[in-house]
Amino acid sequence: QSNQRAYNFNAGPSALPVEVLEKAQQELVNFHGTGMSIMEMSHRSSTFEEVHNEAISRLRKLFAIPDDYEVLFLQGGASLQFTMIPMNFLQLEKKASYVMTGVWSEKAYKEATLFGEPVQTASTKEDKYRNIPSLEEIDFGSDDAYVHLTSNNTIYGTQWSEFPDTGEVPLIADMSSDIMSKPIDISRFDLIYAGAQKNLGPSGVTVVIARRDFLAKANKEIPTILKYSTHVESNSLYNTPPTFGIYMLGEVLKWIEKQGGLAAIAKQNEEKAKLIYDVIDNSNGFYTGHASKESRSLMNITFRVADEELEKQFLTEAKDAGFVGLNGHRSVGGCRASTYNSVPLETCKALQDFMIAFQNKHK
Ligand code: PLP
């Protein structure tokens, strides 16, 4: 393979565009003639502030974020958002509805139980989280603090294709594993959050996009660093931010721009996932998908090899052939190919060829 890059199907942290890594390498020691790495300079310097502000404005433009929304770069991963959301918005004895589509929804729900009375809705757990519930199944109260959903279920390989209309009730989405994989209508949501480490850059940066008037409803009596308002007021520079991660995120956004923006990225993602789903669907049961067809994710393709022994062999042979990250999540087993934005089409083509050849050899 060119430049000895692995066929990287890791679920996160995951592949980054090789062009971005190479540019970062070139700029690593002496950033734009400053004689310093971007990692070595003050987050209050004009050089860093420009990188920071450019990343925010590029994100706004590429993702078509309306002007009445804030864009924040936080730390603590998506997991800290599981806590910050109820801490800021769920008053004691108030309800919020959590749509249960997988382990990450469960974790988000569990944190909310520490702050108020969240209610689970439309759980597909009994069906091993193979499905996204139909919009009619989603129940919530008109005075709920918010409805929370997970737009892409990294572990089970399911993804929402349309989102519920929650009317006056604020809608919050964990988009960690499909943010900016396609254009969406941001105005449907009051708060979106995502760890950067799948589609947007290295781990360490968490993107939060939130409607200003929703943020205004937050509790005031909570620790300073856990208030969204602290980060809004300081343009995400309240304390030392993950400067290198923000720089890398900005470079990934430039790369998305060069691909033609999110419509072009979405088309690539469809093509890539189709290569692998086609093998599963045409394999006469040799490979079986975990997610039901209508709920399939374009980001995480979960499947099994019909026979358990063969599955082990599949994973071993794939590893020997240079494929990385194809083991399913430890909680569900099987196989998973994560085909995030930065995974090249050729990598997916290589997996398609490998899967077909493996079946031909073993059927
Ligand atoms: N939510 C989803 C959908 C995820 O896939 C993950 C991680 O894989 C998380 C949340 C947790 O993210 P973090 O590790 O950034 O806390």
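Everything numeric here is computed off the predicted structure, so don't read it as measured data. (Residues numbered from 1 in each chain as written. Predicted model: local features only at pLDDT ≥ 70, side-chain atom pairs only at ≥ 80, totals over all residues.)

A look at the overall build of the protein
When helices and strands are counted, the protein shows ten helices and 14 strands. Whereas a compact globule of 363 residues would reach a radius of gyration of roughly 21 Å, the protein reaches 21 Å, a difference of no more than 12%. Expressed along its principal axes, the backbone C-alpha trace of the protein runs to roughly 60 × 55 × 30 Å. Counting across all 363 residues of the protein, residues that qualify as buried make up 45%. Counting contacts in the protein only where the partners sit at least 6 residues apart, residues at least 24 apart contribute 68% of the total. (Helix = DSSP H or I, 4+ residues; strand = E, 2+ residues; numbered from the N terminus. Rg over C-alpha atoms; globule rule 2.2 N^0.38 Å. Buried ≥ 20, exposed ≤ 12 C-beta atoms within 10 Å, placed from the backbone. Contact = placed C-beta atoms within 7 Å.)

Some remarks on the UniProt feature "domain: Aminotransferase class V" (unreviewed entry) in the protein
The positions that UniProt labels "domain: Aminotransferase class V" (unreviewed entry) are, in the present scheme, residues 7-344. Counting secondary structure, residues 7-344 comes out at 33% helix and 17% strand; the distance between its end C-alpha atoms is 9 Å. (UniProt positions renumbered as here; feature names shortened; annotations may be inferred.)

Re the site of the ligand
For the ligand, the full set of nearby residues is Gly12, Gly77, Ala78, Ser79, Trp104, Thr150, Thr154, Asp174, Ser176, Ser177 and Gly195. Counting residues per element, the shell around the ligand draws most heavily on helix H3 (residues 77-89), which supplies three residues. Here the shell around the ligand is built from residues that sort into two nonpolar, eight polar and one charged. (Near = placed C-beta within 6 Å. Nonpolar A, V, L, I, M, F, W, Y, C, P; charged D, E, K, R; others polar.)

Structural notes on the packing of helix H2 (residues 46-62) against helix H7 (residues 243-259)
It is at 9 Å that the axes of H2 and H7 come closest, and there the two elements cross at 40°. Judged by the inter-axis angle, H2 sits oblique to H7. Of the two elements, H2 crosses H7, and the hand of that crossing is left-handed. For the pair H2 and H7, the contacting residues are Phe48, Val51, His52, Glu54, Ala55, Arg58, Leu59 and Leu62 in the first and Thr243, Ile246, Tyr247, Leu249, Gly250, Leu253, Lys254, Ile256 and Glu257 in the second. A per-class count over the contact of H2 with H7 returns ten nonpolar, three polar and four charged. (Axes fitted to C-alpha atoms, helices over the stretch in contact; angles between N-to-C directions. Parallel < 35°, antiparallel > 145°, perpendicular 65-115°, else oblique. Left-handed = near helix turned anticlockwise from the far one by under 90°.)

Some words on the domain arrangement of the protein
Here the protein is partitioned into domain 1 (20-257) and domain 2 (260-362). A separation of 27 Å is found between the C-alpha centroids of domain 1 and domain 2. Those elements giving two or more residues to the side of domain 1 that touches domain 2 turn out to be strand S6 (152-153), strand S7 (158-159) and H7. In terms of residue class, the side of domain 1 that touches domain 2 is built from nine nonpolar, ten polar and five charged. (Domains from an automatic or database assignment.)

Some thoughts on the sheet that holds strand S2 (residues 69-74)
Taken in spatial order, the seven strands make up an open sheet running S2-S10-S9-S8-S5-S3-S4, and their pairing is mixed. Among the strands making up the open sheet, the edge pair consists of S2 and strand S4 (117-121). Taken pair by pair, the neighbouring strands of this sheet meet at an average axis angle of 20°, ignoring direction. Pairing between strand S8 (residues 171-174) and strand S9 (residues 191-195): three bridges, direction parallel. Residue pairing for S9: Ala173 is matched across the bridge by Ile192. Each of strand S3 (95-99), S4, strand S5 (147-150) and S8 touches helix H4 (residues 103-112); the most contacted strand, S3, lies at about 165° to it. (Pairing = 2+ DSSP bridges.)

Observations concerning the sheet that holds strand S11 (residues 287-289)
Here three strands make up an open sheet; going across it, the order is S11-S12-S14 and the pairing antiparallel. Since the sheet does not close on itself, it has two edges, and those belong to S11 and strand S14 (335-338), each with one partner. Each adjacent strand pair in this sheet contributes to an overall mean axis angle of 35°, direction not counted.

Focus: unusual backbone geometry
Omega for the bond connecting Gly12 with Pro13 falls within 30 degrees of zero, at -10°, which places this linkage in the cis form. Assignment of secondary structure puts Pro13 in the loop between strand S1 (7-8) and helix H1 (18-27). At Asn284, a position not held by glycine, the phi torsion is positive, near 55°. Relative to the helices and strands, Asn284 resides in the loop between helix H8 (261-281) and S11.

Overview of the UniProt feature "modified residue: N6-(pyridoxal phosphate)lysine" (unreviewed entry) in the protein
Taken from the UniProt record, the annotation "modified residue: N6-(pyridoxal phosphate)lysine" (unreviewed entry) applies to Lys198. In this fold, Lys198 is placed in the loop between S9 and strand S10 (206-211). The class for Lys198 is buried, based on 30 C-beta atoms found within 10 Å. Here Lys198 is in contact with Gly12, Ser14, Ser176, Ser177 and Tyr340, once residues within four sequence places are set aside.

Remarks on the confidence of the model for the protein
Low pLDDT means the predicted atomic positions in that stretch should not be read closely. For the protein, the average pLDDT comes to 97, and 99% of its residues sit at 70 or higher. Predicted complex metrics record ipTM = 0.99 and pTM = 0.98. (pLDDT = per-residue confidence, 0-100.)

Points about the pairing of S10
The element S10 is largely enclosed, with a buried count of five among its six residues. Across six bridges, S2 lies against S10 in antiparallel orientation. In the strand pairing of S10, Leu74 is matched with Thr206. Sheet analysis places S9 next to S10, joined by five bridges and oriented antiparallel. Its bridge partner lying in S10, Ala194 is registered against Val207.

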